[in-house]
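Next come the chains, spelled out residue by residue.
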Amino acid sequence: MKNLPVRMARWSAHHPWRAIAAWFLFVFVCLGLGIAVGGNAAQSADYRVGEAGRAEALQEQGGMERRPLERVLITAPGTADHARTSAAARDVTGRMRALPEVASVAPPVRSADGRSVRVDVTMKGTEQDGKKYVEPLLAQTAEVQKAHPDLRIDESGGPSISRDVQGQRGEDLSRTEMIALPVTLIVLALVFRSILMAIVPVVLAITSIMSAVGLSMLASHVFPDAGVGMNVILLIGMAVGVDYTLFYLKREREERARSHGRLGSAAIVELAAATSGRAVVVSGLAVAVSSATLYLADDVIFDSLATGAIVVTLAAVVSSLTILPALLAKFGHLAGRRARERKPEAMSEAMPKEPRTGRVATAVTRHPVLTLAAGTAAMLALCAPLLGLNLTDVGRETYSRELPAMQAYDRVNAAFPELRAMNQIVVKAAPERSAEVTAALNDLAARTTNDPLFAGTPQLRTSPDHRVTMLELGVPHVVSTQAARDSLTKIREIHLPATVDRLGVQAEVTGEVARYVDYPDHQKNTMPMIFGALLLATFLLTLLAFRSVVLGLLGAALNLVSAGAALGVLTLVFQGTWAEGLLGFTSMGSIGSRVPLFLFVILFGLSMDYQVFVLSRIREAVQNGAPTRTAVTDGLRRSAGVVTGAALVMVTVFASFVPLHLIEMKQFGFSLAVAVLLDAFVVRLLILPAALLLLNDRTWWPVRPKPQVTTHDSRSLQNVG
């Protein structure tokens, strides 16, 4: 494995056209197989967690599982007009019943003020399938509106909302690509001062993403796709794809400048593979292993995120080790010809250099204690807002009100406040105890009468085999409010123990409120295990890569500080309201419960990119015989430019997700952009070198790297290729 990058680079350098053709064949085969086989979308059962999930399993056993439901709202302007609204309701009922996608249509229900009528339409299929087949229903609603122009007729429900959100997300991602690609090209052009060298990383990142899309579709048959896989493939694919190529290109240009034209392109490619190629493999492995810890969350959404991150990272590593060496070997002579025309002292074509990065290295070297103290204090100060972190699920109320389905959703809830949320008590018992269960549930329902936490008429349903009984209680409050959560607490902690629990039967509570409460609790319960696995993985990977226990512990600690500071900034910005206008969002007063876990996992992997690259340069200098303090300074000077360049590219990609409408994607993009900035510019360029300078030779405990023949000695590879 240690020599794998060199062997792959050697083959690619000597067979460039074969390597290039093989890579593109790999990309098209992956994509083609994925399209041919198709993806496997997650079903309702895959999303179940906590008590709400157990209750939903009972519902399914009794044939009372959630079905895709659309609500058509008919409203008369001004005063109530029963005749016209009733006629429109009959029109809606007749049209919907004639559709093959519809399972049933409920009798019309009139609002308390008499101005509105609601028609509930239950679709066939599973809850997750509704958005695929909702178009005919929306079309019929539009026809009813044309037939009754004096009334307002809206349609909303899970299927139409999902359809609108999915469409908006697709448009947002398209705009993100239009922003991220040009900005990335500009940053790379400034870094390399070459349009050609700027295009290569982007092309490799895009082809890596294409192959990952196909692979993720195949993987979805093992880990069902929750609809977020494409987001993470684009998010991570552009970042790591450009990063890994950047590391490799940086070293190739450096070796080319050092050789003064005495080495051929194949030899230079091997030199780059022996150093940066190994760093790319270690970094890619770190991202993949870190991402894999998300599987421990026991959550289909995190399974999808993990799968997308793993496949696109591994694809980016393969592209950097195959097609990139081939491109450099085939076209490197062009750069070599230009290099021979230059004076040796002007032949570094790589990155922003000495004046800027040299000043950073000099300052850290002169004042390591001050640098370490100031950097650590700043990062800990940014962690402080975590003390007020509030995690909640991301409910429908956070969706953009530009969506027609969400506008209709608000109007339905205004006319029928009892529909804003629902608590469902599901009981399983032997058939002969059905009467007891029914009596207990009726007693529970009676206890909620005149309680402002509940509204509407309680609905009691029993399965055909009388084993499962369900009581539905309306809640006139949005799920994110304290009143809604209080209604759930009251049922679980007061009403159930006083009624159904006395029967000694299985009773669980689900519904919108329970889902909203149980999901974050599930995440909080899995976080310690995942964080522990992340810290252990970071320690072990660093230990294996550098044979140093000290570096393993230091790396894990610094990753934890980076993630904590980024999450602290996220909390400061998104839990308050002061940045709403600046970033275009409406504060939930909380952070999405999936964001911290995703941030920690992905950042732990991505930060290893910079850590591996910086430490590799330092270790290389030690192996060449330099004292540790000199090696740290030299390694920082040599790596600072590429780290800052790579960070700017990553920040560009992640920040392009901030303008998205979905608040969770905003938080993902913002937190990752902040995390990379802090990690690259504060942790890896200031805190890490300062700590290493103070540790000195203790850095390498228990085994100091042994001096060896350096790959910098171009004479050792004069005959290569």
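See the structure above.
The paragraphs below set out a description of the structure included in this document. (Residues numbered from 1 in each chain as written. Predicted model: local features only at pLDDT ≥ 70, side-chain atom pairs only at ≥ 80, totals over all residues. Heavy atoms only, no water.)

**Describing the packing of helix α7 (residues 195-219) against helix α8 (residues 229-259)**
Worth spelling out the cut-off: Here an axis means a line fitted to C-alpha atoms, over the contact stretch when the element is a helix, while the angle between two N-to-C directions is reported on a 0 to 180 degree scale. Starting at the N terminus, helices and strands are each numbered in turn, a helix being any DSSP run of H or I of at least four residues and a strand any DSSP run of E of at least two. Any angle that falls under 35 degrees is termed roughly parallel, while one over 145 is termed roughly antiparallel, one within 65 to 115 roughly perpendicular, and all others oblique. Rotating anticlockwise by less than a right angle from the far helix to the near helix defines a left-handed crossing, while the corresponding clockwise rotation defines a right-handed one. Note on definitions: a residue-residue contact is assigned when non-hydrogen atoms from the two residues lie within 4.5 Å. Think of it as three bins: nonpolar holds Ala, Val, Leu, Ile, Met, Phe, Trp, Tyr, Cys and Pro, charged holds Asp, Glu, Lys and Arg, and polar takes everything else, Gly as well.
Relative to each other, α7 and α8 sit at 140 degrees, their axes nearing to 8 Å. What the angle tells us is that α7 and α8 run oblique. Crossing of α7 against α8: the hand is right-handed. Between α7 and α8, the contacting residues are M197, V200, P201, L204, A205, I209, A212, V213 and S216 on the first element and M230, I233, L234, G237, M238, G241, V242, T245, L249 and R253 on the second. Of the residues contributing to the contact of α7 with α8, the split by class is 14 nonpolar, four polar and one charged.

**Things to note about the side chain of D120**
Heads up, the condition is: Counted as a polar contact is a pair of N or O atoms within 3.5 Å, where, for protein atoms, one must be capable of donating a hydrogen and the other of accepting one, and residues adjacent in sequence contribute only when both atoms are in side chains.
As for its placement among the helices and strands, D120 is situated in strand β4 (residues 116-123). A polar atom in the side chain of D120 sits 3.2 Å from the side chain of R71. Engagement of the side chain of D120 in a polar contact is seen with the side chain of R118, the distance being 2.9 Å. Here D120 is in contact with L69, E70, R71, S104, V105 and A106, once residues within four sequence places are set aside.

**A few points about the pattern of salt bridges**
To keep things clear, this is the line we draw: Counted as salt bridges are all cases of a side-chain nitrogen of Lys or Arg within 4 Å of a carboxyl oxygen of Asp or Glu. Only protein chains enter the area calculation, which uses a 1.4 Å probe; residues under 20% of their type maximum are buried, those over 50% are exposed, and those in between are partly exposed.
Inspection of every chain in the model, using the stated rule, returns 29 salt bridges. With a closest N to O distance of 3.7 Å, E143 and K146 form a salt bridge. Of this pair, E143 and K146 both sit in helix α5 (residues 135-147), separated by three residues, roughly a single helical turn. Here R401 and D410 are joined by a salt bridge, their closest N and O atoms 2.9 Å apart. The class of D410 is partly exposed, set by a relative accessible area of 30%. Each member of the salt-bridge network shares a partner with another, and the members are E56, R66, E127, E512 and R515.

**Some points on the sheet that holds strand β8 (residues 455-462)**
Here is the rule we go by: Strand pairing follows a simple DSSP-based rule, namely that at least 2 bridges must link the two strands.
The strand order across the open sheet built from four strands is β8-β9-β7-β10, with neighbouring strands paired in antiparallel fashion. One side of each edge strand has no neighbouring strand; the edge strands of this open sheet are β8 and β10 (506-510). Taking each pair of neighbouring strands and ignoring which way they run, the sheet shows an average axis angle of 15 degrees. For strand β7 (residues 421-428) and strand β9 (residues 468-475), the ladder comprises eight bridges, and the chain directions are antiparallel. Opposite N423, over in β9, you have L473 as the bridge partner. Lying on the sheet, helix α3 (residues 50-61) is in contact with β7, β9 and β10; it crosses β10 at an angle near 110 degrees.

**Quick notes on the packing of aromatic side chains**
Using the following cut-off: Between the rings of Phe, Tyr and Trp (Trp by its six-membered ring), a pair exists once the centres lie within 6.5 Å; its type follows the angle of the planes, with under 30 degrees stacked, over 60 edge-to-face, and the other angles tilted. Both a distance and an angle decide whether a charge sits over a ring: NZ of Lys or CZ of Arg must be within 6 Å of the ring centre and within 35 degrees of the ring normal.
Evaluation of the coordinates by the stated rule reveals seven aromatic pairs. Residues F598 and F668 carry aromatic rings whose centres are separated by 4.5 Å and whose planes lie at 50 degrees to one another, so their mutual orientation is tilted. Here F598 is found in helix α20 (residues 595-623), whereas its partner F668 is found in helix α22 (residues 663-695), with 70 residues between them in sequence. For F598, a relative accessible area of 1% corresponds to the buried category. Taken together, F531, F600 and F604 form an aromatic cluster joined through their ring pairs. The lysine or arginine in question, R118, covers the ring of F416, its NZ or CZ lying 4.7 Å from the ring centre.

**Considering the nonpolar core**
Cut-off, in case you're wondering: Remark: nonpolar core denotes a set of buried residues (Ala, Val, Leu, Ile, Met, Phe, Trp, Tyr, Cys) joined through side-chain atoms within 4.5 Å.
Formed by 159 residues in total, the largest nonpolar core has its most connected members in Y248, F598, Y610 and F654. Considering every element that reaches this core, the biggest residue donor is α22, with 20 residues. Counting 29 residues, the second-largest nonpolar core is a separate cluster that includes V437, L473, L488 and V500.

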